[in-house]
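Secondary and tertiary structure notes
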Amino acid sequence: MSLPIVEEPKFYPHGAELIRTRCAVVGAFFLTFLPPHVLQFVLQLIVKGSRSSPSANVVARVRAQVCAVSAHCAGQGCLQRSVAVVLVCRLHHHGAVPVWKAGYRVSPFAAHAWVETDNCPIGEPEYVKDYISVLEVHPESPMHKSSEGNNVMIRAEMMKLVSLRAPVIVAVVTALGTALATWWITYAVKYTLENGRAEDLNGVIDSSTAIWMILDYANIGIILFGSWIMYEEQGVGNMRTTLLSVPNRASLLWAKTVTALVGSLLIAIVAVFGSYASRRLVIGNIPLRADGVSDIQLLFGVISYWTLLGTLTFAFSVVVRNGLIGMGVMLMLTLAVSQYLYKITEFARFLPDQAGMRLYQPYVDGELGPISGFVVLCTWVIAALIGGVISMNRWAVR
């Protein structure tokens, strides 16, 4: 499950103790092939009716005996070792068993399984207390994941996201780069117009609308962010370890989705309001549109679109189980495919990027409005998440 984190102490058992320990190690070996939630259920049945945890010295002795009879348990087999300790304690020591836990740390990412008494991990370094527990088996207690449930998993995914270099770089560049690009383009257009060179712009843009050109293309950064969350975690091997560690993959997807949504929202807020501030710094308090729609409504429309687009990109990457493929498909869709289909069929207005742009672009007869566009985009996100649940539950880990 993870690499050994300490040199294991050994205490070779004899007689009946040796037989019990070897049987427990063999039984634990087969139990480790079970899916996490099934293993938790089986262990809960095994410890049912047991008494409270034995003393730390007793558990430490049993742990040393397990390590003495199995080189795998003394090395990389933390899962087999911890299960074997529970089995030995159940077979002997008056049926008193320690608490069994499995979880992971975020940075650097690693999964681990251990036993503890009185909230103290036995035979483990002090920092194991900081591991996030996702599976627990307590004597005389119902099966549960952790005391804080999904909130713990969401917090862990947030911490993991911050430790991933590429998504953080993309987030910073997108948020700050969009604001700086808006300032530069707006200033350049204003300077060109003030110097009587309007013909250089071919009537395509003026200083008051330059912000829309930037925002229409800066959402590329949101797509990169949503896809790189998946891609980099796969690249460093975190995804495999995570899938092996968690008992409920739907809860894992929920936690990752919340992380992608919150990250996309923060990027969008900084980028959009930063661009708006840059625009006002150059040209003053000129409305974004002349049709009476408030600036705040338009800005929140862009933020909503970017947030849902980043979440959709992440969910689609989960569906195809590859961040690069998800990124490629979403970039082609938003930059080329949807514009081409828009010219040949009216159904293209229901594509996610076309529907999302209706949240802030002027209304055109026959097109979706802001509310209908929002509903269509949310439908795409929900459909992708449903597909993501199916894909993740069928994701074979090798």
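Just so it is clear, the model here is predicted, and its values are computed rather than measured.

1. Remarks on the overall build of the chain
Of the regular secondary structure elements, the chain holds 14 helices and four strands. Sequence-distant contacts, at least 24 apart, represent 72% of the contacts inside the chain between residues at least 6 apart. In the form shown here, the chain has an accessible surface area of approximately 18,600 Å², with 65% of it arising from carbon and sulfur atoms.

2. Details of the packing of aromatic side chains
Counting across every chain of the model gives eight aromatic pairs. With centroids separated by 5.3 Å and ring planes inclined at 75 degrees, the aromatic side chains of F29 and F30 adopt a geometry described as edge-to-face. The exposed category is assigned to F30, whose relative accessible area is 54%. Taking 5.2 Å as the distance between ring centres and 85 degrees as the angle between the ring planes, the aromatic pair formed by F29 and F33 counts as edge-to-face. For F29, a relative accessible area of 37% translates into the label partly exposed. Each member of the aromatic cluster is reached from another via a ring pair, and the members are F29, F30 and F33.

3. Concerning the pairing of strand β1 (residues 99–105)
Taken across its seven residues, β1 has six buried, putting it largely inside the fold. Both β1 and strand β2 (residues 110–117) contribute to a ladder of seven bridges, which runs antiparallel. Within β2, the residue paired with Y104 across the bridge is A111. Summarising the sheet, β1 and strand β4 (residues 132–137) pair through five bridges and their orientation is antiparallel. Looking at the pairing, Y104 lines up with I132 of β4.

4. Notes on the sheet that holds β4
Strand order in the open sheet formed by four strands is β3-β2-β1-β4, with antiparallel pairing between adjacent strands. Of all strands in the sheet, those with a lone pairing partner are β3 (120–121) and β4, marking the two edges. Its contacts with the sheet put helix α2 (residues 36–47) on β1 and β4, and the angle it makes with β4 is roughly 40 degrees.

5. Topic: the nonpolar core
Side chains of a nonpolar character, in soluble globular proteins, are inclined to be buried together. Core analysis: the largest hydrophobic core is formed by 86 residues, its most contacted members being V66, V83, W100, W212 and W306. In terms of residue count, the dominant contributor to this core is helix α11 (residues 295–320) (twelve residues). If sequence neighbours within four positions are ignored, W100 has contacts with L39, L43, L79, S82, V83, V86, W114, V115, L135, E136 and V137.

6. Digging into helix α14 (residues 370–393)
Over its 24 residues, α14 extends 35 Å from the first C-alpha to the last, a length consistent with the 34 Å expected when each residue adds 1.5 Å. Looking at α14, one finds that the buried residues are G373, V376, L377, V381, A384, G388, S391 and M392.

7. Comments concerning the side chain of S82
Tracing the backbone shows S82 in helix α5 (residues 78–91). Residue contacts for S82: discarding those within four places in its chain leaves W100, A113, W114 and V115.

8. Description of the pairing of β2
Across the eight residues that make up β2, a large majority, eight, are buried. Sheet analysis places β2 next to β3, joined by two bridges and oriented antiparallel. Counterpart to T117 in the pairing with β3 is C120.

9. Observations regarding the confidence of the model for the chain
Looking at the chain, the pLDDT average stands at 83 and 87% of residues meet or exceed 70. Helix α9 (residues 238–245) is the least confidently modelled element of the chain, averaging 69 in pLDDT, while α11 averages 94, the highest of any element. This model gives residues 142–148 a pLDDT under 50, and the stretch forms 20 contacts once residues within four places in sequence are excluded.

10. What about the pattern of salt bridges?
Summed over all chains, the structure comprises six salt bridges. Across the salt bridge formed by K101 and E116, the nearest N and O atoms sit 2.8 Å from each other. Linking K101 in strand β1 with E116 in strand β2, this pair joins segments that are 15 residues apart in sequence. Residue classification places K101 among the buried positions, given a relative accessible area of 13%. The class of E116 is buried, set by a relative accessible area of 5%. Measuring nitrogen to oxygen at the nearest pair gives 3.9 Å for the salt bridge that ties K101 to E136. Of this pair, K101 sits in strand β1 while E136 is found in strand β4, placing the two residues 35 residues apart along the sequence. Look at the salt bridges and you will find they share partners, linking K101, E116 and E136 into a network.

11. Some thoughts on helix α1 (residues 16–31)
Here α1 spans 22 Å end to end across 16 residues, near enough to the 22 Å set by a 1.5 Å rise per residue. By the burial criterion, the buried members of α1 are T21, A24, V25, A28 and L31. One side of α1 holds all its buried residues, which, seen down the axis, span an arc of 125 degrees. In α1, the exposed residues that point more than 90 degrees away from the buried face are I19 and F30. On its buried side, α1 packs onto α2, α3 (56–69), α4 (71–74) and α5.

12. Structural notes on the packing of α2 against α5
Two elements in contact, α2 and α5, have axes whose closest approach is 10 Å; the angle formed by their N-to-C orientations is 20 degrees. With respect to α5, the axis of α2 lies roughly parallel. In terms of crossing hand, the pair formed by α2 and α5 is left-handed. Facing L39, L43, I46 and V47 of α2, the residues of α5 in contact are L79, V83, V86, L87 and R90. Partitioned by chemical class, the residues of the contact of α2 with α5 number eight nonpolar, no polar and one charged.

Definitions and cut-offs
Along each chain, residue indices are assigned from 1 in the same order as the chain's sequence is written. Local features are withheld for residues below a pLDDT of 70 in this predicted model, meaning they are given only at 70 or higher, and side-chain atom pairs are given and counted only at 80 or more; totals for whole chains, interfaces and linings count all residues. The side-chain values count all of the structure's non-hydrogen atoms but skip hydrogen atoms and water molecules. Strands are runs of DSSP state E lasting at least 2 residues, helices are runs of H or I lasting at least 4, and numbering of each runs from the N terminus. When checking whether two residues touch, look at their non-hydrogen atoms; a contact exists if any pair is within 4.5 Å. Accessible surface area values rest on a Shrake-Rupley calculation with a 1.4 Å probe, where residue burial reflects the displayed protein chains alone. Two rings from Phe, Tyr or Trp (for Trp, the six-membered ring) form a pair when their centres are within 6.5 Å of each other. A pair whose planes differ by under 30 degrees is stacked, one over 60 is edge-to-face, and the rest are tilted. Residue burial is assigned from relative accessible area. The probe radius is 1.4 Å, only protein chains are included, and a residue is buried under 20% of its type maximum, exposed over 50%, and partly exposed in between. Should DSSP find at least two bridges between two strands, the strands are regarded as paired. Each axis is a line fitted through C-alpha atoms, taken for helices only over the stretch in contact, and angles between the N-to-C directions span 0 to 180 degrees. Grouping buried Ala, Val, Leu, Ile, Met, Phe, Trp, Tyr and Cys residues that are joined through side-chain atoms within 4.5 Å yields what is termed a nonpolar core. To estimate how far a helix should extend, the number of its residues minus one is multiplied by 1.5 Å. Confidence of the predictor at the level of single residues is captured by pLDDT, which takes values from 0 to 100. Here, a salt bridge means any Lys or Arg side-chain nitrogen found within 4 Å of an Asp or Glu carboxyl oxygen. Note: the arc covers the axis-to-C-beta directions of the helix. When describing relative orientation, an angle under 35 degrees is termed roughly parallel and one over 145 degrees roughly antiparallel, while 65 to 115 degrees is termed roughly perpendicular and anything else oblique. Left-handed describes a crossing whose near helix is turned anticlockwise from the far helix by less than a right angle; the clockwise case is right-handed. For this classification, Asp, Glu, Lys and Arg are treated as charged, while Ala, Val, Leu, Ile, Met, Phe, Trp, Tyr, Cys and Pro are nonpolar and the rest, including Gly, are polar.

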